[in-house]
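What follows is the residue order along each chain.
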Amino acid sequence: MKDLIVKNGRIIDPANNFDAVGDILVRDGVVKQVGTTVSAGPGSEIIDARGKVVCPGFVDLHCHLRQPGYEAKETIATGTRAAAKGGFTTICCMPNTNPPLDNLPLVEFVKSLAEKEGAIRVLPIGCITRGRKGEELSDMAEMSGAGVIGFSDDGNYVKNARLMKCAMEYSQPLGLPIIEHCEDPDLAIDGQMNEGIIATRLGLCGIPNAAEEVAVARDILLAQLTGAHLHIAHLSTKGSVELLRWAKQRDIRVTGEVAPHHLTLTEERVLGYNTAAKVNPPLRTKTDIEALIDGLNDGTIDIIATDHAPHSLNDKLCEFGAAASGISGFETMLGSLMNLVATGKITLPLLIAKLTSGPGRLLGGRFGSLTPGATADITIFDPGAEWTVDSGKFISKGKNTPLQGETLKGKVILTVFGGAVVFTDDVKTP
Amino acid sequence: MIRSEQIEPCAAAEHSGAWARRHVLDIEDFSVPEIELVMQTTSAMKEILSRPLKKVPALRGKTVVTLFYEASTRTRGSFEMAAKHLSADVVNMTAQASSVTKGESLINTLNTIEAIGADIIIMRHPLSGAHYCAAPHVKANLVNAGDGWHAHPTQALLDLYTILNRKGRIAGLKVVIVGDVKHSRVAHSNIWCLTKMGANVVVCGPPTLLPEGLKTAQLLFPGIGVETNIEKAVKDADVVMELRLQKERMQSGLLPGLRDFIAGYQLDSKRLALTKPDSIVMHPGPVNEDVELAADVLHGGRSVVNDQVTNGVAVRMAILYLLAGSREQ
């Protein structure tokens, strides 16, 4: 393998608190040297990153690759390539496939598919309960042996509090988090969008913030009781951020993630019955967005995760109430979030931290840094490049984006996974 | 006012200024002049309905399809009657509710009906916004005959016409809408239409059956009031409109029971006495007699429930007529 040298980029590596212009040397797929000027040896591949940001490959703790079972929506082959285009080198896939990933052979199947057909690293998440039915525990220990990085019934909330307590107790010695989709199903019943005047106007059943918050509160208390690591998926409300903050102040082992759309889009997007803006949890209000951003800034929220949820055209080209929930998010993540940086809501190093060291820490520090000796997962992006979202050009099979036609600023131009270029946009690589 | 002689196919072009719409999906996006045009056209249609021969050739050679994904007696019958008075051929189609979420997509169904030869499709659908999803994909004119909790535009127009007919004006009237406001497309469309036309609308019902966010929606619905006490709500009202209560509301825990609803929200003669002496009583039907309306109020002198039904035919004739005209532009 040739040496790879990334020259003159602004290197931002939050895990090592590093932010300076310099070079990176990659040898044998491993980060060798960071920051100081590297002189190119003969035959080494040089990438000019002048004016660009160079950072650890992004880590997505929450996405849906749909395989097995829903290959019309996405496959591991298309999903991982879409992720690489979005700057990701490690992605964790949710187990709500068909069949759901609730046992060892299925986890092994997904892992082997990912090795054969995936462009980047895929880390599966196993179900908490068998079949995601919320009735009995899945084979958690066995799946942990196969390398799942946590347990989640994502899409479903584990309604039975006693079963959730057992899951937390059981997961604790395995050293893996319970990743909970916090939504009380009774409060959210028939819900199509955020509760409020827009839902009233559209005649759609609303989902109140409390549907999420009562679930967050319960699980925080169970985490306190059991000492287990609770990770709360896709936080969407101000109240959830406050609960998480409360929990962290009491040293309860809880972490949280937020999705790009919940940081940037409000419920108004649904007007006109725009099924592309139908997502669960639903798009909320400006007040919630502000609280979520505050949560990122004060460390309450640890991670930004896409909740990439690809769907086929017909899943969305239908009545709002019949449409599938979810946003295809890999390929617009950076562009949509860079607006928060441009408007001064968050800093660029903070954004990168939430996409690299934040999720990396949850994964035991194995990924999300440019520490010498680490596997060379590197993302290079142009923070100033403007581009227009055209879902027809998505690599993902899921063209379902509420950002269609919008101009975003900030574009990934090169993704390196394990020392090899897995995505390149318009940069010239000699 | 449009004179009845004008209601001939060739006259349609005269409306091109005020009437540009191909579909009637909602009342929310109607301008005041458009609503006024519908009212004027409805008057002309009422005149036709008063003739011995209640038929004009405006829609001769056109096919109107009613496509109902939900059961309906009066709305469907009203549309069918309206289309027939205008000499259209009418085909009634009933879709299975089960095919709403499974099987053939709505867009495919509508395209099939178009291929059969529909010029105007009148659709009722249990999911809010179904018409919005379909409209960009159909060439026929699409008329919303009710979608989910969202809208029932022709009902709002016939209610407006009925009030206008009885009161001579809308602006400044106190109109109280009572009952299951949250799940009522009739209420939703009436709120839009009546506030747009300058009425003071008060919605009243048990807290579980009131929609969220109305109180603070003064920009959308100027002057709207929200009240849980019916005595306060109906005081000095010019119009009281009771809504149909669905049995499911009790089963799903939104209401303790019928007795409670009747005690709290039925319009009886005692409550009617709190309204203005010349107030009118409305209901979109079908009425649960002695639930929303006490029998003596329903059948009493203030009730305009039957007028609503009669006016419904004229309003729907007006809508079909205006749409057929727009189609030829």
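Note that the structure is predicted; figures quoted are calculated from it, not measured.

A. Structural detail: the pairing of strand S6 (residues 58-63) of chain A. Residues and elements named next belong to chain A. Counted residue by residue, S6 has six buried out of six residues, so it is predominantly covered. Relative to strand S7 (residues 88-93), S6 runs parallel, the two sharing four bridges. Residue Phe 58 lies in a different strand from S7, and its bridge partner there is Phe 88. Handedness of the β-α-β unit built from S6, helix H1 (residues 76-85) and S7 comes out right-handed.

B. Summary view of the packing of helix H7 (residues 238-249) of chain A against helix H9 (residues 286-297) of chain A. All names here are of chain A. Close contact between H7 and H9 brings their axes to 8 Å; oriented N to C, the two are set at 25°. Relative to H9, the element H7 lies roughly parallel. Handedness of the H7/H9 crossing: left-handed. In this structure, H7 uses Lys 238, Val 241 and Arg 245 to contact H9, whose residues at the interface are Thr 287, Asp 288, Ala 291, Leu 292, Asp 294 and Gly 295. Across the contact of H7 with H9, the residue classes tally to three nonpolar, two polar and four charged.

C. Fine view of the pairing of strand S3 (residues 120-125) of chain B. Residue and element names in this part refer to chain B. Of all six residues in S3, six are buried, a share of seventy percent or more. Residues Ile 120, Ile 122 and Arg 124 line one face of S3 and the alternating positions Ile 121, Met 123 and His 125 line the opposite face, and both faces are buried. Examined bridge by bridge, S3 and strand S4 (residues 141-147) share five bridges and lie parallel to one another. Looking at the pairing, Ile 120 lines up with Asn 141 of S4.

D. Here's a closer look at the sheet that holds strand S13 (residues 254-258) of chain A. Residue and element names in this part refer to chain A. Reading across the sheet, the four strands line up as S9-S12-S13-S14 and stay open at both edges, with parallel pairing between neighbours. The sheet is open, and its two borders are formed by strand S9 (178-180) and strand S14 (303-304), each paired with just one other strand. Of the strand pairs in this sheet, S13 and S14 are connected by two bridges, and their pairing is parallel. Within the sheet, the bridge partner assigned to Val 258 lies in S14 and is Ile 304. In the packing of helix H6 (residues 209-226) onto the sheet, contacts are made with S9, strand S12 (230-232) and S13, and the angle to S12 comes to roughly 160°.

E. Focus on the interface of chain A and chain B. If you look at the interface, chain A gives 17 residues, while chain B gives 25 residues. Counting each side, the surface lost to burial between chain A and chain B is near 1600 Å², with a carbon and sulfur contribution of 66%. Summed over the shared surface of chain A and chain B, the result is one salt bridge. At the junction of chain A with chain B, the criterion picks out six residue pairs in polar contact (both at pLDDT 80 or more). Residue classes in the side of chain A that touches chain B are distributed as nine nonpolar, five polar and three charged.

F. A look at the pattern of salt bridges. Enumeration over the complete set of coordinates arrives at 30 salt bridges over all chains. Among the salt bridges present, the one from Asp 19 of chain A reaches Arg 10 of chain A, with a minimum N-O distance of 2.9 Å. The partner of Asp 238 of chain B in a salt bridge is Lys 276 of chain B, and the shortest N-O contact between them spans 3.0 Å. Taken together, the residues Asp 238 of chain B in the loop between helix H7 (230-234) and strand S8 (239-242) and Lys 276 of chain B in the loop between helix H10 (269-272) and strand S9 (280-282) connect sequence positions 38 residues apart. We classify Asp 238 of chain B as buried; its relative accessible area is 4%. Shared partners join several salt bridges into a network, and the residues in it are Arg 130, Glu 136 and Asp 139 of chain A.

G. Looking closely at the nonpolar core. Leu 351 and Phe 381 of chain A are the most contacted members of the largest nonpolar core, which totals 75 residues. Counting residues per element, this core draws most heavily on helix H11 (residues 333-342) of chain A, which supplies six residues. Counting the residues that make up this core, at least three belong to each of domain 1 (4-54 + 375-396 + 405-424) and domain 2 (57-362) of chain A. Apart from residues lying up to four places away in sequence, Phe 381 of chain A is in contact with Lys 52, Val 53, Cys 55, Phe 58, Leu 334, Met 338, Leu 348, Ile 352, Lys 411, Val 412 and Ile 413 of chain A. Counting 69 residues, the second largest nonpolar core, distinct from the first, contains Val 24, Ile 170, Ile 177 and Tyr 321 of chain B.

H. A look at helix H2 (residues 74-85) of chain B. End to end, H2 of chain B covers 16 Å across twelve residues, agreeing with the expected 16 Å (1.5 Å per residue, within 8%). Where H2 of chain B terminates, the next one or two residues include Ser 87 of chain B, which has phi positive at roughly 70°.

I. Examining the packing of aromatic side chains more closely. Counted under the stated rule, the structure contains seven aromatic pairs over all chains. Taking the centre distance of 5.6 Å and the plane angle of 55° together, the rings of Phe 88 of chain A and Phe 330 of chain A count as tilted. Of this pair, Phe 88 of chain A sits in strand S7 while Phe 330 of chain A sits in the loop between helix H10 (313-316) and H11; the two residues are 242 residues apart in sequence, bridging distant segments of the chain. The burial state of Phe 88 of chain A is the same as that of Phe 330 of chain A; both residues are buried. Geometrically, the ring pair formed by Tyr 273 of chain A and Tyr 132 of chain B is tilted, given 5.1 Å between the ring centres and 45° between the ring planes. Taken together, the residues Tyr 273 of chain A in the loop between helix H8 (260-264) and H9 and Tyr 132 of chain B in helix H4 (residues 130-134) connect one chain to another. You can call Tyr 273 of chain A buried: its relative accessible area is 7%. The exposure class assigned to Tyr 132 of chain B is partly exposed, which follows from its relative accessible area of 24%. Clustering of aromatic rings is evident, with ring pairs tying together Phe 58, Phe 88, Phe 330 and Phe 381 of chain A. Across the ring face of Phe 30 of chain B, the terminal group of Arg 21 of chain B is positioned such that the distance to the ring centre comes to 4.1 Å. Here the guanidinium or amino end of Arg 316 of chain B rests over the ring plane of Phe 79 of chain B, the centre of that ring lying 4.9 Å away.

J. A look at the domain arrangement of chain B. Residue and element names in this part refer to chain B. Partitioning chain B into domains gives domain 1 (4-151 + 310-327) and domain 2 (153-305). For domain 1 and domain 2, the distance between their C-alpha centres works out to 26 Å. On the domain 2 side, the residues contacting the 33 residues of domain 1 number 23 residues. The contact between domain 1 and domain 2 buries some 2300 Å² in all, and 67% of this surface belongs to carbon and sulfur atoms. Considering only the surface of domain 1 that becomes buried against domain 2, Ile 27, Met 39 and Trp 149 emerge as the three largest contributors, covering 29% of it. Counting every contact that joins domain 1 to domain 2 gives one salt bridge.

K. Looking closely at the confidence of the model for chain B. All names here are of chain B. Summing up the model confidence of chain B, the mean pLDDT is 91 and the portion of residues at 70 or higher is 92%. Counting interchain partners and residues more than four positions distant, the pLDDT-below-50 stretch residues 1-13 has 29 contacts. On the interface metric, ipTM, the complex scores 0.92, and its pTM is 0.94.

L. Quick look at the domain arrangement of chain A. Residues and elements named next belong to chain A. You can read the domains of chain A as domain 1 (4-54 + 375-396 + 405-424) and domain 2 (57-362). Distance between the C-alpha centres of domain 1 and domain 2: 27 Å. If you look at the interface, domain 1 gives 29 residues, while domain 2 gives 32 residues. Of the roughly 2300 Å² buried between domain 1 and domain 2 on both sides combined, carbon and sulfur atoms contribute 67%. Of all residues in domain 1, Ile 395, Ser 396 and Phe 417 bury the most surface against domain 2, accounting for 24% of the area lost on that side. The interface formed by domain 1 and domain 2 includes two salt bridges. One salt bridge in this structure joins Arg 121 and Asp 377, with 2.8 Å as the shortest N-O distance.

Cut-offs used in this document
Residues numbered from 1 in each chain as written. Chains lettered and ligands numbered in written order. Predicted model: local features only at pLDDT ≥ 70, side-chain atom pairs only at ≥ 80, totals over all residues. Heavy atoms only, no water. Buried < 20%, exposed > 50% of the residue type's maximum accessible area, 1.4 Å probe, protein only. Helix = DSSP H or I, 4+ residues; strand = E, 2+ residues; numbered from the N terminus. Pairing = 2+ DSSP bridges. Right-handed = clockwise from strand over helix to strand, strands pointing away. Axes fitted to C-alpha atoms, helices over the stretch in contact; angles between N-to-C directions. Parallel < 35°, antiparallel > 145°, perpendicular 65-115°, else oblique. Left-handed = near helix turned anticlockwise from the far one by under 90°. Contact = heavy atoms within 4.5 Å. Nonpolar A, V, L, I, M, F, W, Y, C, P; charged D, E, K, R; others polar. Buried area = accessible area lost by both parts, 1.4 Å probe. Salt bridge = Lys/Arg side-chain N within 4 Å of Asp/Glu carboxyl O. Polar contact = N/O pair within 3.5 Å; in protein donor to acceptor, adjacent residues only side chain to side chain. Core = buried A, V, L, I, M, F, W, Y, C linked by side-chain atoms within 4.5 Å. Domains from an automatic or database assignment. Expected span 1.5 Å × (residues − 1). Phe/Tyr/Trp six-rings, centres within 6.5 Å; stacked < 30°, edge-to-face > 60°. Lys NZ or Arg CZ within 6 Å of the ring centre and 35° of its normal. pLDDT = per-residue confidence, 0-100.

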